Amino acid sequence: MSPLKATVNCDMGEGFSLYTISDDEALMKTTHLANVACGFHASDFSVMDKTVQLAKEHSVLVGAHPSLPDRQGFGRREMKMKPEELISCFVYQVGALCGFLQRYGLVLNHIKPHGAIYGQTARSDELAHAAVSVCKIFSTEDHQVAFVGLAGTAHQTAAEDLGVRFIPEWFADLDYSQSGELIITQIHAPVKHDTICDRVNRLLKYHEVSTNANTVIPLGRNINEVTICCHSDTPGAVENARLVKSLVDESNRLAGYFV
């Protein structure tokens with residue numbers, strides 16, 4: 001079994017006005033993909049502008065991180081939404097980010113839903129197809145926008161159905177249930193570095209996900225790459241991301257992968 005080709009991604013630009021939630025400048029040095037908040041769970045026009053500038057300075061690929069309209073709950077509370085509503089909700093947010101990307105001569109690399117709607121779209125075929133379809137709206141003949149999501153869920157099925165490039169994601173700082181379901185918390189707890197190392201190495205070498213029941217399950221079918229998320233609001237986020245980046249870089253180097 002060949003190691004997974006891997007990248008590191010981080011949710012960024014999640015401050016608002018004078019309030020900051022993470023050290024985005026330091027995190028940009030540890031990541032390949034930046035998922036930029038688009039205003040519905042965090043961020044504003046000034047924060048988006050600064051985050052896109054930082055990404056350009058550090059040659060980081062930029063993706064949109066749209067959310068349910070729930071700034072008070074940081075987008076981590078579920079909300080009922082029809083598929084057509086979700087499409088409009090995402091187009092509104094992604095369109096805003098694309099304005100800043102155009103300003104700085106960048107293109108939209110991917111879309112990754114945030115928080116509660118990430119979990120909802122992973123479970124619902126209808127919502128997943130709605131979310132993934134937004135990638136096609138912002139794609140061109142010369143550039144396809146990818147969708148970042150959970151392998152083996154409605155995310156992957158919808159991407160395959162719609163012909164959208166799918167980038168499987170795994171989380172270094174969240175737990176998975178025994179059935180493989182991602183446990184999305186409103187406030188993320190700190191994670192020991194030994195735990196992160198064990199999880200990342202198992203994932204990359206054996207394509208297995210560690211669960212909170214001390215068992216392992218396969219990452220998914222037809223998977224040969226993965227992007228590993230380190231949340232910017234998890235305690236010790238910068239140190240976590242540096243650790244994961246070092247493990248990913250070493251694995252890619254040994255396997256002869258260029259990222």
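Before reading on, note that the structure itself is shown above.
Residues numbered from 1 in each chain as written. Predicted model: local features only at pLDDT ≥ 70, side-chain atom pairs only at ≥ 80, totals over all residues. Heavy atoms only, no water.

(A) Structural detail: a nonpolar patch on the surface. A cluster of nonpolar residues, Phe16, Leu18 and Tyr19, forms a patch on the protein surface that exposes about 400 Å² of accessible area. Structurally, the position occupied by Phe16 is in the loop between strand 1 (5–12) and helix 1 (24–28). (Patch = residues over 30% accessible without salt bridge, like charges linked within 9 Å, V, L, I, M, F, W, Y side chains within 5 Å. Areas by Shrake-Rupley, 256 points an atom, 1.4 Å probe, with all protein chains shown as cover. Salt bridge = Lys/Arg side-chain N within 4 Å of Asp/Glu carboxyl O. Helix = DSSP H or I, 4+ residues; strand = E, 2+ residues; numbered from the N terminus.)

(B) Seen up close, empty space enclosed by the protein. Applying the stated criterion across every chain yields a total of one cavity of 30 Å³ or more. If you trace the largest cavity, you find 14 residues lining it, with His114, Gly115, Phe171, Ile184 and His231 closest to the centre. Among the residues making up the lining of the largest cavity, the classes are represented as six nonpolar, five polar and three charged. (1 Å grid on protein atoms, 1.4 Å probe; cavity = no way out; pocket = protein on both sides within 12 Å on 5 of 7 lines; lining within 4 Å. Points joined across faces, edges and corners; volume = space filled by probe spheres on them. Nonpolar A, V, L, I, M, F, W, Y, C, P; charged D, E, K, R; others polar.)

(C) Representation of helix 6 (residues 154–162) in the model. Those residues of helix 6 lying buried are Ala154, His155, Gln156, Ala158 and Ala159. Its buried side turned inward, helix 6 meets helix 4 (115–123), helix 5 (125–137), strand 5 (146–150) and strand 6 (166–171). Positive phi appears at Gly163, one or two residues downstream of helix 6, with a value of about 70°. (Buried < 20%, exposed > 50% of the residue type's maximum accessible area, 1.4 Å probe, protein only. Contact = heavy atoms within 4.5 Å.)

(D) Representation of the pairing of strand 4 (residues 108–111) in the model. Strand direction decides the pairing type here: strand 3 (residues 61–65) and strand 4, joined by three bridges, are parallel. Its bridge partner lying in strand 4, Ala64 is registered against Ile111. Here strand 4 runs beside strand 5; their pairing, made up of two bridges, is parallel. Following the sheet pairing, Ile111 is matched in strand 5 by Phe147. (Pairing = 2+ DSSP bridges.)

(E) Just the packing of aromatic side chains, in detail. Summed over the entire model, instances satisfying the criterion amount to two aromatic pairs. With centroids separated by 5.4 Å and ring planes inclined at 40°, the aromatic side chains of Phe40 and Tyr92 adopt a geometry described as tilted. Linking Phe40 in the loop between strand 2 (33–37) and helix 2 (45–57) with Tyr92 in helix 3 (residues 83–103), this pair joins segments that are 52 residues apart in sequence. Residue classification places Phe40 among the partly exposed positions, given a relative accessible area of 21%. (Phe/Tyr/Trp six-rings, centres within 6.5 Å; stacked < 30°, edge-to-face > 60°.)

(F) Seen up close, the packing of helix 7 (residues 193–206) against helix 8 (residues 237–255). Relative to each other, helix 7 and helix 8 sit at 30°, their axes nearing to 10 Å. Taken together, helix 7 and helix 8 sit at an angle that is classed as roughly parallel. By crossing handedness, the relation of helix 7 to helix 8 is classed as right-handed. Here His193, Ile196, Cys197, Val200, Asn201 and Leu204 of helix 7 come into contact with helix 8, specifically with Glu239, Asn240, Leu243, Val244, Leu247, Val248 and Ser251. (Axes fitted to C-alpha atoms, helices over the stretch in contact; angles between N-to-C directions. Parallel < 35°, antiparallel > 145°, perpendicular 65-115°, else oblique. Left-handed = near helix turned anticlockwise from the far one by under 90°.)

(G) Up close: the layout of surface pockets. What the largest pocket holds in volume is close to 410 Å³. In this structure, the largest pocket is lined by 23 residues; those nearest its centre are Leu150, Thr153, Gly180, Glu181 and Leu182. At five residues, the largest contribution of residues to the lining of the largest pocket is made by helix 4. Class assignment of the residues belonging to the lining of the largest pocket gives a composition of twelve nonpolar, six polar and five charged. The volume enclosed by the second largest pocket comes to roughly 260 Å³.

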